[in-house]
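A structural walkthrough
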Amino acid sequence: MSFGKILTLSSGSPLPQIGLGTWLSKPKEVENAVEIAVRNGYRHLDLAMIYENQDEVGAALKKVIPSVVKREDLFMTSKCWNSAHQPAEVEKELDETLKQLGVDYLDLYLVHWPVAFPPGNGLYPPHATKEGEVALDLETSLVDTWKAMIALPKSKVRNVGVSNFTIEHLEGIISATGVVPIANQIEAHPLLPQDDLVAYCKEKNIHITAYSPLGNNLIGQKKLTDEAAIEEIAAKLGATPAQVLVAWGVYRGYSVIPKSVQEERIISNFKQVELTKEDYEKISSLGHGRHVRYNIPFRYTPKWDIGLFGEPEEAKAAYKVKIA
Ligand SMILES: NC(=O)c1ccc[n+]([C@@H]2O[C@H](COP(=O)([O-])OP(=O)(O)OC[C@H]3O[C@@H](n4cnc5c(N)ncnc54)[C@H](OP(=O)(O)O)[C@@H]3O)[C@@H](O)[C@H]2O)c1
């Protein structure tokens, strides 16, 4: 069985390039998906407290560790949710994640978003007066949270990093602490290549993990797997459109975490195909003059009234990220 290509993080930890995403994987679906994935060679799992399915992932892990895989041969990433950004909460939530998963340590723990919510009132604390909005904690800064992340014991997390951070956010935490995140997990696909951020991370040796690589979206747009140019290249290579999109991310050197709960797709998404330079460029050209970011919290329900990425629609947001 092939386990796929292994990358090396700046800490020296090996990271399997293709991982399984688990966002929106429903209870009963995710247990099955994780078991199928591991049985078919996946060794990298992308998880998070906010996906509210880590108990199920834990149940799947019990079925495959140690009979199929040793714990140390799996790379598990999870993420600190916004309502646990306060320094006193960071390790408590990590402990809860470890309990849900039934493991002693994570390979990578990320700050999920550069946004803090107040603790102790659920994962989406409601805003006191504005209906349909989540409450924000405008006091806790990214630097406060990052200091707590880098103080976590190595026995519980081997590597720490961030997710959805821009260059400005990264600069802020690095200049305040001198500690460079091991990874930044960001939305990246042909319609959102994020070239400047990718170049900045490369220079700082911050590993990029690409999420929503298939162009998953909750905004009613055509999925990238249905784009004619992608279908055409897939047909030429005898591959699926999803394999072509995963290959586009692989070509750029980062790790890629497609999500599926369907057996056939879980298996085929993991099988790598190689793109020629010409195919890679043709796919990249889909994003010329077309910019689509699917994950903008300002338009989530409940709304987060905060601008993160400098997207035009975020101009109406009331607040900005508190970096330091
Ligand atoms: N850090 C963050 O803030 C963040 C944000 C978003 C996502 N993520 C992580 O990244 C992972 C991947 O991103 P994502 O879930 O947004 O999107 P994605 O992996 O780009 O797309 C998932 C969607 O594509 C479908 N799909 C899977 N394989 C397919 C195939 N071979 N052909 C056609 N459709 C296929 C899935 O449906 P089926 O399941 O029915 O196959 C699902 O609807 C997440 O699951 C999560 O772990 C992180």
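Quick notes on the rules
- Residues numbered from 1 in each chain as written.
- Predicted model: local features only at pLDDT ≥ 70, side-chain atom pairs only at ≥ 80, totals over all residues.
- Heavy atoms only, no water.
- Helix = DSSP H or I, 4+ residues; strand = E, 2+ residues; numbered from the N terminus.
- Rg over C-alpha atoms; globule rule 2.2 N^0.38 Å.
- Contact = heavy atoms within 4.5 Å.
- Areas by Shrake-Rupley, 256 points an atom, 1.4 Å probe, with all protein chains shown as cover.
- Lys, Arg positive; Asp, Glu negative; His and termini not counted.
- Charge placed at Lys NZ, Arg CZ, Asp CG, Glu CD.
- Axes fitted to C-alpha atoms, helices over the stretch in contact; angles between N-to-C directions.
- Parallel < 35°, antiparallel > 145°, perpendicular 65-115°, else oblique.
- Left-handed = near helix turned anticlockwise from the far one by under 90°.
- Nonpolar A, V, L, I, M, F, W, Y, C, P; charged D, E, K, R; others polar.
- Core = buried A, V, L, I, M, F, W, Y, C linked by side-chain atoms within 4.5 Å.
- Buried < 20%, exposed > 50% of the residue type's maximum accessible area, 1.4 Å probe, protein only.
- Salt bridge = Lys/Arg side-chain N within 4 Å of Asp/Glu carboxyl O.
- UniProt positions renumbered as here; feature names shortened; annotations may be inferred.
- Pairing = 2+ DSSP bridges.

**Quick notes on the overall build of the chain**
Regarding its fold elements, the chain presents 10 helices and 11 strands. The C-alpha atoms of the chain give 19 Å as radius of gyration, which agrees with the globular expectation for 324 residues (20 Å, within 12%). Projected onto its principal axes, the C-alpha positions of the chain cover 55 × 50 × 40 Å. Contacts in the chain between residues at least 24 apart in sequence constitute 71% of all its contacts with a sequence separation of at least 6. Element-wise, carbon and sulfur atoms account for 51% of the exposed surface of the chain, whose accessible area totals about 14,100 Å². Taking the average place of the 35 positive charges on the side chains of the chain and the average place of its 41 negative ones, the gap between the two points comes to 2 Å.

**Observations concerning the packing of helix H1 (residues 29-39) against helix H9 (residues 263-270)**
H9 packs onto H1 with a crossing angle of 40 degrees between their chain directions and a minimal axis gap of 10 Å. Between H1 and H9, the interaxial angle falls into the category oblique. Once H1 is placed against H9, the crossing between them reads as right-handed. Mapping the contact onto sequence places Ala-33, Ile-36 and Ala-37 in H1 and Glu-263, Ile-266 and Ile-267 in H9. For the contact of H1 with H9, a count of residues per class yields 5 nonpolar, no polar and 1 charged.

**Section: the nonpolar core**
Counting residues in hydrophobic clusters, the biggest one holds 93 residues, and the most contacted among them are Tyr-109, Met-149 and Leu-170. Examining the composition of this core, we find that 7 residues originate from one element, helix H8 (residues 241-251), more than from any other. Setting aside chain neighbours within four positions, we find Tyr-109 in contact with Ser-78, Lys-79, Cys-80, Val-90, Glu-93, Leu-94, Met-149, Leu-152, Val-157, Asn-159, Val-160 and Gly-161. Grouped together as the second largest cluster of nonpolar side chains are 7 residues, Leu-9, Leu-15, Leu-110 and Ala-183 included.

**A few points about the environment of Val-180**
As for its position among the elements, Val-180 is in the loop between helix H5 (167-177) and strand S7 (183-187). Accessibility expressed as a relative area gives 31% for Val-180, which makes it partly exposed. Along the backbone, Val-180 and Lys-204 are 24 residues apart, and their C-alpha atoms lie at a distance of 7.5 Å. In contact with Val-180, other than residues within four places in its own chain, are Trp-146, Ile-174, Lys-204 and Ile-206.

**Considerations on the side chain of Glu-133**
For Glu-133, the position within the fold is in the loop between strand S5 (108-111) and helix H4 (142-150). Look at Glu-133: it is buried, it has no salt bridge, and the nearest opposite charge is Lys-303 at 4.0 Å. Setting aside its immediate chain neighbours within four residues, Glu-133 contacts Pro-125, Pro-126, His-127, Pro-302, Lys-303 and Asp-305.

**A short note on the UniProt feature "active site" (unreviewed entry) in the chain**
Here the UniProt-annotated "active site" (unreviewed entry) positions come out as Tyr-51. Along the chain, Tyr-51 turns up in the loop between strand S3 (44-46) and helix H2 (54-64). Overall, the relative accessible area of 15% leaves Tyr-51 in the buried class. Not counting chain neighbours up to four residues away, the residues in contact with Tyr-51 comprise Thr-22, Trp-23, Asp-46, Lys-79 and His-112.

**So, the sheet that holds S3**
The 7 strands lie next to each other as S3-S4-S5-S6-S7-S8-S9, forming an open sheet whose pairing is parallel. The sheet is open, and its two borders are formed by S3 and strand S9 (255-256), each paired with just one other strand. Pairing between strand S4 (residues 75-80) and S5: 4 bridges, direction parallel. By the bridge assignment, Cys-80 is partnered in S5 with Val-111. Contacts from H4 reach S4, S5 and strand S6 (160-163), with the element oriented near 145 degrees to S6.

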